[in-house]
Amino acid sequence: MSRAMWVIGNWKQHHLPEAAMTCARTIADGVAAASAGAHRVSVGVAPPYLSLAAARTACRPVSDLWLFAQDVGAQDTGAHTGEVGPAMIAHAGCSGSIVGHSERRADYGDTDGLVRRKLHAVLSAGLHAVLCVGERLESRDAGTHESVVLTQLSLALSDLSPELVGPRLIIAYEPVWAIGTGRTATGEQAAAMHRCIRGWLGQTWATAGSDRSILYGGSVKPDNAGALVAAGDIDGFLVGGASLEAPSLLAIVRATATAPVVQAP
Ligand code: 13P
């Protein structure tokens, strides 16, 4: 059995349209060569809304590069100032959206309830979702990290059926203490959490859990990506800072495609 492997660049609040177009083009041009390793890696970028149209010119269906939004509204249309819903991101060419990133949870009021509504909305629209979960440093130090992450997961996924979700739900484990800090989780820490998530999914969704791609995010760089994949049960990465330059993202794709993959059943 093999799960889909992904490398997705989250550009956060970086890259105006011109820079986004140049970066996406360079990534698109290099994707086929970089992802041709022992296993296939799907590659995506998530530009800011403003730069989606520019980045789109480099993306699928013209190339193998996938386009994602960084966030999505929980409703399609209406009196919701500042919101961009699933139908709008689809119109902009996105195949899906990141949902529940820790920066949204911590700084912009994305509660577990709102994350759940956004997740339902984007999946119900037939799009992909990259659901982010991850504990803060206090929880890691207190040893409650697994229960924190499983609680986030169970609240986000409540009332979702594996039939609705299909293969379109990707989970990203991003420990908050590793994001933008240069402090990467060790391969053992990441792999242990991925096994914990997969175990929970297996109990909740039976076989639909074992097919699920679980990505790691938090200070992933070209020089640590291969070792993380080799640590086991890590199906790729959600990359922040190191995705802003095309050569760096492509180097992570290459490291992912060529690392020995260990996928637990
Ligand atoms: P960094 O790779 O910059 O740590 O960011 C990770 C992240 O938040 C991706 O969503």
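Residues numbered from 1 in each chain as written. Predicted model: local features only at pLDDT ≥ 70, side-chain atom pairs only at ≥ 80, totals over all residues. Heavy atoms only, no water.

S.K.: I'm lost on the overall build of the protein in this one. Help?
M.R.: What the protein contains, in helices and strands, is 12 helices and 8 strands. In terms of C-alpha radius of gyration, the protein reaches 17 Å, essentially the compact-globule figure of 18 Å for 265 residues. Judged by the C-alpha coordinates and their principal axes, the protein covers about 45 × 45 × 35 Å. Considering the protein as a whole, with its 265 residues, one finds that 55% of them fall into the buried category. Across the protein, every contact between residues at least 6 apart in sequence was considered, and the portion connecting residues at least 24 apart equals 73%. For the protein, the accessible surface area stands at approximately 10900 Å², while carbon and sulfur atoms represent 55% of it. (Helix = DSSP H or I, 4+ residues; strand = E, 2+ residues; numbered from the N terminus. Rg over C-alpha atoms; globule rule 2.2 N^0.38 Å. Buried < 20%, exposed > 50% of the residue type's maximum accessible area, 1.4 Å probe, protein only. Contact = heavy atoms within 4.5 Å. Areas by Shrake-Rupley, 256 points an atom, 1.4 Å probe, with all protein chains shown as cover.)

S.K.: In this structure, what is going on with the nonpolar core? I would like to understand it.
M.R.: Among soluble globular proteins, nonpolar side chains are generally buried collectively. Ile-27, Leu-119, Leu-157, Ile-197, Tyr-216 and Phe-237 are the most contacted members of the largest nonpolar core, which totals 71 residues. Sequence-distant contacts of Tyr-216, that is, excluding residues within four places in its chain, are made with Tyr-173, Pro-175, Ala-178, Thr-184, Ala-185, Ala-190, His-194, Leu-228, Ile-234, Gly-236, Phe-237 and Leu-238. Membership of the second largest hydrophobic core comes to 12 residues, among which are Ala-46, Phe-68, Val-130 and Leu-215. (Core = buried A, V, L, I, M, F, W, Y, C linked by side-chain atoms within 4.5 Å.)

S.K.: Explain the site of the ligand to me, please; I cannot follow it from the model alone.
M.R.: Of all residues adjacent to the ligand, which total 13 residues, the nearest are Lys-12, His-101, Gly-180, Ser-219 and Gly-241. Glu-174 is positioned with one of its side-chain polar atoms (N or O) 3.0 Å from an oxygen atom of the ligand. One of the backbone nitrogen or oxygen atoms of Gly-240 is found 2.9 Å away from an oxygen atom of the ligand. Contact with the protein chains hides 96% of the accessible area of the ligand, taken as 310 Å² for the molecule alone. Counted by class, the shell around the ligand contains 4 nonpolar, 7 polar and 2 charged residues. (Near = heavy atom within 4 Å. Polar contact = N/O pair within 3.5 Å; in protein donor to acceptor, adjacent residues only side chain to side chain. Nonpolar A, V, L, I, M, F, W, Y, C, P; charged D, E, K, R; others polar.)

S.K.: Please explain the packing of aromatic side chains as it appears in this structure.
M.R.: Each aromatic ring pair is described using two quantities: the centre-to-centre distance and the angle formed by the ring planes. Applying the stated criterion to the full structure yields 4 aromatic pairs. Taking 4.9 Å as the distance between ring centres and 70 degrees as the angle between the ring planes, the aromatic pair formed by Trp-6 and Trp-66 counts as edge-to-face. Note that Trp-6 is positioned in strand 1 (residues 5–10) and Trp-66 in strand 3 (residues 65–69), a separation of 60 residues in sequence. Trp-6 gets classed as buried once you look at its relative accessible area, which sits at 5%. Between Trp-6 and Phe-68, the ring centres sit 5.9 Å apart and the planes meet at 75 degrees, which makes this aromatic pair edge-to-face. Separated by 62 residues along the polypeptide, Trp-6 in strand 1 and Phe-68 in strand 3 bring together distant segments of the chain. (Phe/Tyr/Trp six-rings, centres within 6.5 Å; stacked < 30°, edge-to-face > 60°.)

S.K.: So what exactly am I meant to see when it comes to the packing of helix 5 (residues 112–124) against helix 7 (residues 145–157) here?
M.R.: A pair of packed helices is captured by two measures, namely the crossing angle of their axes and the spacing between those axes. Here helix 5 crosses helix 7 at 50 degrees, and the two axes come no closer than 8 Å. The orientation of helix 5 with respect to helix 7, classified from their angle, is oblique. As for the relative orientation of helix 5 and helix 7, their crossing is right-handed in sense. The segment helix 5 lies against helix 7, with Asp-112, Val-115, Arg-116, Leu-119 and His-120 engaging Gln-152, Leu-155, Ala-156 and Leu-157. In the contact of helix 5 with helix 7, the residues fall into 5 nonpolar, 2 polar and 2 charged. (Axes fitted to C-alpha atoms, helices over the stretch in contact; angles between N-to-C directions. Parallel < 35°, antiparallel > 145°, perpendicular 65-115°, else oblique. Left-handed = near helix turned anticlockwise from the far one by under 90°.)

S.K.: Quick question: what am I supposed to make of the packing of helix 7 against helix 9 (residues 187–205) here?
M.R.: In contact at an axis separation of 10 Å, helix 7 and helix 9 are set at 40 degrees when each is read in the N-to-C sense. As judged from the angle between their axes, helix 7 and helix 9 are oblique. You can see that helix 7 and helix 9 cross each other, and the crossing is right-handed. Between helix 7 and helix 9, the residues in contact are His-145, Glu-146, Val-149, Leu-150, Leu-153, Ser-154 and Leu-157 and Ala-192, Met-193, Cys-196, Ile-197, Trp-200, Leu-201 and Trp-205, respectively. Across the contact of helix 7 with helix 9, the residue classes tally to 11 nonpolar, 2 polar and 1 charged.

S.K.: Got a minute to help me understand the side chain of Asp-235 in this structure?
M.R.: Here Asp-235 lies in the loop between helix 11 (222–231) and strand 8 (236–239). Within polar-contact distance, the side chain of Asp-235 engages the side chain of Arg-198 at 2.9 Å. A polar side-chain atom of Asp-235 sits 2.9 Å from the main-chain amide nitrogen of Ile-214.

S.K.: What is the right way to read the environment of Gly-96 from this model?
M.R.: By secondary structure assignment, the location of Gly-96 is in strand 4 (residues 96–99). For Gly-96 and Ala-46, which are 50 residues apart along the polypeptide, the C-alpha to C-alpha distance reads 9.4 Å. Residue contacts for Gly-96: discarding those within four places in its chain leaves Leu-67, Phe-68, Ala-69, Ile-89, Leu-127 and His-128.

S.K.: How should the pattern of salt bridges be read in this particular structure?
M.R.: Note on pairing: side chains with opposite charge can pair once their charged atoms come close. The final tally for this structure, using the stated rule, is 13 salt bridges. Residues Arg-116 and Asp-159 are paired through a salt bridge, measuring 2.9 Å at the closest nitrogen-oxygen approach. Placement of the pair is Arg-116 in helix 5 and Asp-159 in the loop between helix 7 and helix 8 (162–165), with a sequence separation of 43 residues. Asp-159 gets classed as exposed once you look at its relative accessible area, which sits at 66%. With its nearest N and O atoms 3.6 Å apart, the salt bridge here joins Glu-138 to Arg-136. Each of Arg-3, Arg-198, Asp-233 and Asp-235 takes part in one network of salt bridges that share partners. (Salt bridge = Lys/Arg side-chain N within 4 Å of Asp/Glu carboxyl O.)

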